[in-house]
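What follows is the residue order along each chain.
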Amino acid sequence: MKMPALGFVILSACFALPATAQTVVVDMSHPTNVFVPRETLGAGVDRIAAEAIDKDLVQPALQQTLASGWQPVTYRQNTELAVEAWHWNPQGTWSDSSGKGYFTGSSTPTEMLRYSYGYSLPRRGFTRNDGTDNVGFSRLTDGDLNTFWKSNPYLTQGFSGESDALHPQWIVLDLAQLQQVNSIRIAWGEPYARRYLVQYWTGDDPIKAVTRGTWQTFAQGAVSEGKGRTETIRLSESPVPVRFVRIWMTESSNTCDSGRTSNSKSRDPRDCVGYAIRELYLGTSTDDGQLHDIVRHTADQEQTTTYCSSVDPWHQASDLGSTKQAQVGFDLFYTSGVTRGLPAMIPVAMLYDTPENAAAEIGYLKKRGYPISYIEMGEEADGQYMLPEDYAALYLQWATAIHKVDPSLKLGGPSFQGVNKDIEAWPNSSGNVSWTARFVDYLKQHGRMKDLAFFSFEHYPFDPCRTPWGMLYDESELVSHIMQVWHEDGIPADMPMFITEGNLSSGASETYQDIFAGLWLADYIGSFLNSGGKGVYFFHYLPLQMEPGCNSSPGTFGMFTIDANYQIQQPLAQFFVAQLINLEWAQPGGGEHQVFAAKADFPDGAGHELVTAYAVKRPDGKIAVMAVNRDQLNAHRVRVALDGTDGEENTFFGPVDVSTFGSGQYQWHPAQTRFMAHAENSGQRTIVPTSKGWADPDGPILRTQLTGGKDTFYELPAASVTVLRGSVSSQIK
C-alpha cells in the first residue's frame, strides 16, 4: 500500500487496534533546526568545593566525565547569586591602596590561576534573595548605625549617561504580616535622597507577584526636599494596615561621607553617587512625637526582611569568606582537559562588579590564548530583583568596556533563572510588565541591539519535591512555550537562544538519581532543539557529593555517585541518557545535523502522549530517531515508515542499530533515613541517612542490531529511551 506523499516519518504501534491509532509522525518535509554537536550539546561547571576541583579535574574522574559525550562547556558564575564581588584573579589592584574599594584583577598572566573567590559585600541591602540560600543579612535592619546599604554607582548619571530619575533605586521592607503603620524613620548615610516616595503595597507579595497589587504612596509620603541625616516622617494621620513598604528614590544629594576617607571629599566619585541608608525604623507615632518601632533589628536572617534594587560593589580584603568553595581558576579550567580544547562560554560578573574588572578578565584570557565562544553578562538578574532598565544600563557599560578589548566578541544574557512563564516586573510608565520586552526596548532605544548576540536563560522546570511521574508529560511543552514567550517579548527570530544551565529543579533530591531524570533529560534536549535552540548545557558536569535536598532527600546534580574522596562509584541515569543523546542519536564532532518535528499519538486516555520522538539526519547520512516511552508499565512495539520528501515511501533498510536504556537496565534504590526529634549534635540535621542509595541494575545501555524493512518492528520498553539509527531504503511496495 502506497501512503500519500505527506513528507512524514511514521512509527506505528503493532497492536490489535485500528490502523489510525498509536502513531508517531515526524514531518521531514523541512528541518525545524540545524545544530553542530561540538557547539550545541554542552555542560556547565560551577563554583564547587575546592576539594572537588582538585579531584574532579584529574584522571580517571575526568575521563569518566567526558565519556558522557557532552562537548562545549559553559563556566557558571556563582558569586553574583551570593551578593559577592568576584576576584577572578586573586592578584590585582584596589581603588584605595589600603586594600579596599573597587577591585580590578590583573590582566597580566603570571602564576597559574587554580581557584578564584567571592568577597561578600558590606553594603548589602538584601536579607535574602533567590541565590543566597538564607545566608547573610541586610545592613538596613541589622541594628548597627556604623553599617549601611548603598546602591550601585554605575546606575547614576555620571556612568549611565542618563538622569538618575530614569533609574530609580528602591528598598522594600517586609513586615511578615499586616501591621498598623503611620510613621517611618530613615537614618541616611551619604549620599542621601533629596527626592523620594514612601509607599505601601495593596496586594499580596510585590516581590513574587509583581502584578497582583500596586504601590500606593502614603498621604504624606512624598518628600521633595530631603535633608539627609535622620528623618522621621509622619506618613498619614491615622495608621494604615500594611505589610510591604517601599522607599522609591529618584534624586540623590551626590554628597560624600567625610568619615569614609582621610579627606573631606572622597577621592573616588563612585563613593559619592547613588543612595545610602544606615538603618530603617517603621511603626506608629503617638501624640507625644515618639516613634514606636516594629522593625526587628538583628544581624541575622531573623531581622525584618529587606530587598533592594542594587548593591554597591565596594568591599575590602577582609570580606573574603571561606575558601573551601571556589570558582575554578581560568588556567586550570582551560588546561585540565574539561573543555576538550573547544571554545568555552565565559561569564563576567556585572551586577556586583565594575566594567574595568570585566574587561581585565577578558584581556587575561586573550593574552593566554584561551578560546572564547560567547560571553554571558551577569548571572540571574531576575533572582536579584533587578529592574530590566537597570540591568540594561549596566549591560551597555560592560559591553562598551569588553568590546574595547575585542570588538568581535559575542555578548549575551541575561541568564534568567529557570522559569516556565514570562518574567514580570513592576509596571513602567507605559504599563509594560514584561522584563524581557523592556530590556529589549532599552537596547533598541539606545541603538545597541547589535551588542546582544544571543539570549540566554536557565531551565529548572519543576518545583523541588513536586515531581510525580505525570510531570514528564509537561516537559516538551514547557521548553517550547518559554522560547515562544521570549520571541513574543521581542527577541528576534534569528537570535541564537541558549539554555546555559538546566536540570530537573533548583533543588537536588532522590528524583535526580531515578530513571525519571533520564527520561526527562531526553525530552528536554530533544524538545529544545526541535524548538530552534542553538545551545544547551547540562548541569552539573563534574561529580558532586550528595547533598540534602527537599524533604531531606539526598540528591546530586552530577551524573555519578562518589565516595568521600570524590572517587566515582556509579554512573546515574542521566549519564547513560547523555550517552544516548551525544553518542548514539547525534554524531559527535563538527558535522551539521538536521532536526525534524515529531507529533505523537500514543494517548494515555487523559490527553497525554505516552511516547515522544525526535528525529535527526546526521552528517553520515543516517536517520536517528530518539523515542521516549514515558509509560511506566507498558512497552510499545513500533514499525518505522519513512516517507521521503520526494513522495516516495521509505523505511530503515539493512542494519538498524538499536540502543535502549530504561527501567530494565536501571533502578535506583533510595537511601534509608532515620528521624530524630532534636539534633544530637550542634548544627546537625534531624533527618539522618543510615545507608546510601544505589543503583541496581546500573546499565549498561542495551545495544542490539536488527535488519530493517517494511515489516520490522522495534520494541520501546516501559520507561525507556530508545535510539533507532539506520540507513533509508527505496520505495515500499
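Everything discussed here concerns the structure shown above.
Here we summarise the structure given alongside this text. Computed from a predicted structure; not experimentally measured.

1. Describing the overall build of the chain
Step number 1: Counting its regular elements, the chain contains 11 helices and 45 strands.
Step number 2: Taking 733 residues into account, the globule formula puts the C-alpha radius of gyration at 27 Å, and the chain, at 28 Å, falls close to it.
Step number 3: Dimensions of the chain, computed from the C-alpha atoms along their principal axes, are close to 95 × 60 × 60 Å.
Step number 4: Split into buried and exposed, the 733 residues of the chain put 59% on the buried side.
Step number 5: In the chain, the proportion of contacts linking residues at least 24 apart, taken out of those at least 6 apart, comes to 78%.
Step number 6: Carbon and sulfur atoms form 49% of the exposed surface of the chain, whose accessible area is close to 28,100 Å².
Step number 7: In the chain, 56 positive and 81 negative side-chain charges are present, and the distance between their average locations comes to 4 Å.

2. What about helix α9 (residues 475-488)?
Step number 1: The end-to-end C-alpha distance of α9 is 20 Å, a good match for the 20 Å that 14 residues give at a rise of 1.5 Å each.
Step number 2: Turning to α9, its buried residues are E475, S476, L478, V479, I482, M483, V485 and W486.
Step number 3: Residues of α9 that are buried sit in contact with β25 (411-416), α8 (435-445), β26 (454-459), β27 (497-502), α10 (515-530) and β34 (611-617).
Step number 4: Directly after α9, the chain includes G490, whose backbone phi takes a positive value near 120°.

3. Re unusual backbone geometry
Step number 1: For the bond running from D696 to P697, omega is 0°, close enough to zero to count as cis.
Step number 2: Take P697: it is sitting in strand β42 (residues 694-698).
Step number 3: P700 follows G699 through a cis peptide bond whose omega is 5°.
Step number 4: Positive phi, normally seen in glycine, also occurs at R229, with a value near 55°.
Step number 5: Locating R229 in the fold gives a position in the loop between β15 (215-223) and β16 (230-234).
Step number 6: On the accessibility criterion, R229 (74% relative accessible area) is exposed.
Step number 7: Even without being glycine, Y385 reaches a positive phi, approximately 65°.
Step number 8: For Y385, the location among the structural elements is in the loop between β24 (372-377) and α7 (388-405).

4. Topic: the state of the cysteines
Step number 1: Applying the stated criterion across every chain, the model contains one disulfide.
Step number 2: The partner cysteine of C256 in its disulfide is C272, sulfur to sulfur 1.8 Å. In this structure the cystine formed by C256 and C272 twists about its S-S bond by roughly 110°; its chirality is therefore right-handed. Of the two residues, C256 is situated in the loop between β17 (240-252) and β18 (276-285) and C272 in the loop between β17 and β18; the sequence distance between them amounts to 16 residues.
Step number 3: A relative accessible area of 16% places C256 in the buried class.

Basis of the calculations
Residues numbered from 1 in each chain as written. Predicted model: local features only at pLDDT ≥ 70, side-chain atom pairs only at ≥ 80, totals over all residues. Heavy atoms only, no water. Helix = DSSP H or I, 4+ residues; strand = E, 2+ residues; numbered from the N terminus. Rg over C-alpha atoms; globule rule 2.2 N^0.38 Å. Buried < 20%, exposed > 50% of the residue type's maximum accessible area, 1.4 Å probe, protein only. Contact = heavy atoms within 4.5 Å. Areas by Shrake-Rupley, 256 points an atom, 1.4 Å probe, with all protein chains shown as cover. Lys, Arg positive; Asp, Glu negative; His and termini not counted. Charge placed at Lys NZ, Arg CZ, Asp CG, Glu CD. Expected span 1.5 Å × (residues − 1). Disulfide = S-S within 2.5 Å.

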